[in-house]
Amino acid sequence: MSIQQKMFSELKEKEIFKKAVSMGTDYINRVNDRNVYPTEQALNDLKIFEESMPEDQTDVNKILNDLDKYGSPATVAQAGRRYFGFVCGSVVPAGLAAKILASFWDQNSSMFVLSPIAAKLEMVVEKWMVSLLGLPEGTAAGFVSGTSVANICGLAAARYKLLNDLGWDINKKGFSDSPKLRIVAGRQAHSTVLRAIGLLGFGSDNTEYVDCDDNGRIVPELIPELDNRSILILQAGNVNGGSFDDFEKICTKAKKEGAWIHIDGAFGLWVAACNQTSHYTKGIELADSWALDGHKTLNTPYDNGIVLCRNREAIVNALHMSAGYIVLSDHREGMFYTPEMSRRARIVELWATLKYLGKKGIDEMISGMLERTKQFERELSEVKGFKILNEVVFNQLVVACENDELTEKVLKNIQEDRVCWVGGSVWQGRKVIRVSVCSWATTEEDVSMSVRLFADARR
Ligand SMILES: *Cc1c(COP(=O)(O)O)cnc(C)c1O
């Protein structure tokens, strides 16, 4: 049988797809019972994937079986209830189901003509995001892989617009002889912001860094005088302590001075969509561009990032491309808002997650994360030998023992236990344990159990 005939018959019989879905549903059903982190054995078993590029075809059943047998145990249970590492987020079942369907569609969402459904959903979600976050009417959205790329897009729009206003077309004339722009950012800006600054040619050494307070918030009084050549980068949700910059105060002034304001709010911007927390984001509507993730606080499947830009022309021109074969329509062309041309239709799972939860569901999910975090703080502060170093505002805890050595040992013990997972970080020069509560699924019991594990690990 030719490979083509074989593939036709696999499509027709559907068995391999049923098998994949069945393995996947078994996995997600048991995700809370398994080790949060792979065992040494599971990691060792990954050796079976080491082989040279096969000469012959492989039976698809063997492929799926190997993935299930050796791949699944070597995954990290991020979708589970007790994964508190990094800031990852679980997955809302409705979003996952929609993603599975969209996988079968296998759409290229670059242009309307390539995927009318993706173009339509992108248009709808753009408006939903503006309403959820309380941003200016007409704000444009681009759907990218994550906040790393969203930061690049927002800052590219800033670069384009500020230079264009100074009579310089960056797309045509490049950067080397252009008027000089200033980048002003907090000393605790996320590392992906620094990467974007490097990638866009600003250079991290040219950045004017502003000192932060003990909780990682930019001190507004220390921001230098800005002008119409300045890009100011703020943060909604410090990646360690979770704090929010004082947007209202900072943006009001920076806007008067003519600066472009970009907000990195990967997980934190979502607090705008929750009654109990929305005061933290007061004033964000004064900014010019925003970056956030669906895959963190909103718990969409990976990968799902969003860039928002007040000035539609600025982002479209900054990410400009054209070619003879491009077919424009009167509809939305997704690729005008992202650096890629071909792109999977990740909008499907974002749309499905938003539609499933509704404003009320999002509100409940976010206040649940806040409450579990406060519970974690309360219970852990009663355990001798742990100190919480940050002011708990949303979903992040920064924890330390008496000294760095002890903190590291305790962290290692917790991680080796594999019943919950937390990561390490550095906070004000100290080694710390970082706890991030960002799964819809974490229960009160999960928090209490994890606190007990902390105590055991310490002993
Ligand atoms: C996670 C994070 C990023 C990077 O987002 P990705 O989705 O991983 O690209 C940027 N900024 C902050 C504050 C983050 O927490």
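Refer to the preceding data block for the structure.
Numbering of residues starts from 1 in every chain and runs along the sequence as written. Where totals are concerned, whole chains, interfaces and linings use all residues; where local detail is concerned, this predicted model gives features only for residues with pLDDT of at least 70, and gives and counts side-chain atom pairs only at 80 or more. Water and hydrogen atoms play no part in the side-chain values, which are based on all heavy atoms of the structure.

Caption draft 1: Highlighting the pattern of salt bridges. A side-chain nitrogen of Lys or Arg and a carboxyl oxygen of Asp or Glu constitute a salt bridge if their distance falls within 4 Å. Summed over all chains, the structure comprises 29 salt bridges. Put simply, D169 and K172 hold a salt bridge, and the shortest N to O gap is 4.0 Å. Among the salt bridges present, the one from D456 reaches R459, with a minimum N-O distance of 2.6 Å. Three exposure classes are used, based on accessible area relative to the maximum for each residue type with a 1.4 Å probe and protein chains only: buried under 20%, partly exposed in between, and exposed over 50%. Using a relative accessible area of 43% as the deciding quantity, one classes D456 as partly exposed. In the salt-bridge network here, residues are joined through shared partners; they are E122, E126, R312, R332 and R343.

Caption draft 2: Up close: the sheet that holds strand 3 (residues 208–210). Pairing is mixed in the open sheet, where 7 strands are placed in the order 1-7-6-5-4-2-3. Both edges of this open sheet fall to strand 1 (140–144) and strand 3, since each of them pairs with a single strand only. Sheet twist, expressed as the average angle between the axes of neighbouring strands with direction ignored, equals 20 degrees. Two elements, strand 2 (residues 182–186) and strand 4 (residues 230–235), share 4 bridges in a ladder whose sense is parallel. Opposite V184, over in strand 4, you have L232 as the bridge partner. Docked against the sheet, helix 6 (residues 116–133) engages strand 1, strand 6 (289–293) and strand 7 (305–309), running at close to 115 degrees with respect to strand 1. Contacts: residue pairs with any heavy atoms within 4.5 Å of one another. Axis lines are fitted through C-alpha atoms, for helices just across the contact stretch, and the angle between N-to-C directions can take any value from 0 to 180 degrees. The way it works is that DSSP assigns letters per residue, a run of H or I at least four long becomes a helix, a run of E at least two long becomes a strand, and they are numbered from the N terminus. Each of strand 4 and strand 5 (260–264) is contacted by helix 10 (residues 247–256), which is oriented at about 175 degrees to strand 4, the strand it contacts most. Strands qualify as paired when DSSP identifies two bridges or more between them.

Caption draft 3: Structural context of unusual backbone geometry. For the peptide bond that leads from Y302 to D303, omega is -15 degrees, which places it in the cis range. Topologically, D303 is positioned in the loop between strand 6 and strand 7. A positive phi angle, close to 40 degrees, is found at F86, a residue other than glycine. Turning to its location among the elements, F86 is positioned in the loop between helix 4 (60–71) and helix 5 (93–105). If you check the backbone angles, Q428 has positive phi at about 50 degrees while not being a glycine. Looking at the element boundaries, Q428 is found in the loop between strand 10 (423–427) and strand 11 (430–436). What makes Q428 partly exposed here is its relative accessible area of 49%.

Caption draft 4: Local environment of the packing of aromatic side chains. The criterion for an aromatic pair is that two Phe, Tyr or Trp rings (for Trp, the six-membered ring) have centres within 6.5 Å, with stacked assigned to planes under 30 degrees apart, edge-to-face to planes over 60 apart and tilted to the rest. A full pass over the atoms with the stated rule returns 9 aromatic pairs. Aromatic pair Y37 and W421: ring centres 5.8 Å apart, planes at 20 degrees, arrangement stacked. With a gap of 384 residues between them, Y37 in the loop between helix 2 (15–29) and helix 3 (40–45) and W421 in the loop between helix 13 (404–417) and strand 10 connect regions that are remote in the sequence. Judged by its relative accessible area of 30%, Y37 is partly exposed. By the ring-pair criterion, three or more aromatic residues cluster together here, those being Y37, Y83, F86 and W421. Above the plane of the ring of F175 lies R159, whose end atom (NZ or CZ) is 5.2 Å from the centre. Residue placement shows K173 over the ring face of W168; its charged tip is 4.5 Å from the ring centre. Each ring is checked for a lysine NZ or an arginine CZ that lies within 6 Å of its centre and within 35 degrees of its normal; such an atom marks a charge sitting over the ring.

Caption draft 5: Structural view of the state of the cysteines. Throughout, a disulfide means two cysteine sulfur atoms within 2.5 Å of one another. Applying the stated criterion to the full structure yields 0 disulfides. For C251, which is in no disulfide, the shortest distance to another cysteine sulfur is to C309 and amounts to 14 Å. The closest cysteine sulfur to the non-disulfide-bonded C420 is located on C438, 13 Å from its own sulfur. A residue is classified by how much of its surface remains accessible, and C420, at 1% relative accessible area, is buried.

Caption draft 6: Molecular detail of the side chain of T353. Along the chain, the position of T353 falls in helix 12 (residues 347–381). The class of T353 is buried, set by a relative accessible area of 0%. Separated by 2.6 Å, the side chain of T353 and the backbone oxygen of E349 make a polar contact. Discounting residues that sit within four places of it in the chain, T353 has contacts with V92, G95, L298 and T300. The definition of a polar contact used here is a pair of N or O atoms within 3.5 Å, where within protein one atom must be able to donate a hydrogen and the other to accept one, and adjacent residues in sequence count solely through side-chain atom pairs.

Caption draft 7: Region of the structure containing the layout of surface pockets. Throughout, the protein atoms alone are placed on a 1 Å grid, and a set of points is a cavity if a 1.4 Å probe fits but cannot get out or a pocket if it is open with protein on both sides within 12 Å along at least five of seven lines; lining residues have an atom within 4 Å of a point. Grid points are joined across faces, edges and corners, and a volume is the space filled by probe spheres set on the points. One number sums up the size of the largest pocket: a volume of about 960 Å³. G24, Y27, I28, L96 and I100 are the residues nearest the centre of the largest pocket, which is lined by 28 residues in total. Where the lining of the largest pocket is concerned, the elements lending two or more residues are helix 2, helix 4 and helix 5. The biggest single contributor to the lining of the largest pocket is helix 2, with 7 residues. The space that makes up the second largest pocket amounts to roughly 330 Å³. In terms of lining, the second largest pocket is formed by 17 residues, of which the most central are F86, V87, H190, V239 and K296.

Caption draft 8: Fine view of the nonpolar core. Counting 59 residues, the largest nonpolar core has M129 and I263 as its most contacted members. Ignoring sequence-local partners within four residues, the contact set of I263 consists of L234, Q235, A236, F247, L269, I284, A287, S289, W290 and A291. Listed in part, the 35 residues of the second largest apolar core include V144, V149, A150 and I315. Throughout, nonpolar core names a set of buried Ala, Val, Leu, Ile, Met, Phe, Trp, Tyr and Cys residues whose side chains join them through atoms within 4.5 Å.

Caption draft 9: Structural view of the site of the ligand. Proximity is defined per residue: if any heavy atom of the residue lies within 4 Å of a molecule or strand, that residue is considered near it. Every one of the 13 residues lining the ligand counts as a neighbour, but S148, D264, D293, H295 and K296 are closest to it. D264 is positioned such that a nitrogen or oxygen atom in its side chain is 2.8 Å from a nitrogen atom of the ligand. Cavity and pocket membership follows a simple rule, namely that a molecule belongs there if more than half of its atoms are within 2 Å of the grid points. When atom positions are compared with the pocket grids, the ligand is found to occupy the second largest pocket. A class-by-class count of the residues in the shell around the ligand yields 3 nonpolar, 7 polar and 3 charged. Each residue receives one of three labels: charged for Asp, Glu, Lys and Arg, nonpolar for Ala, Val, Leu, Ile, Met, Phe, Trp, Tyr, Cys and Pro, and polar for the others, Gly being one of them.

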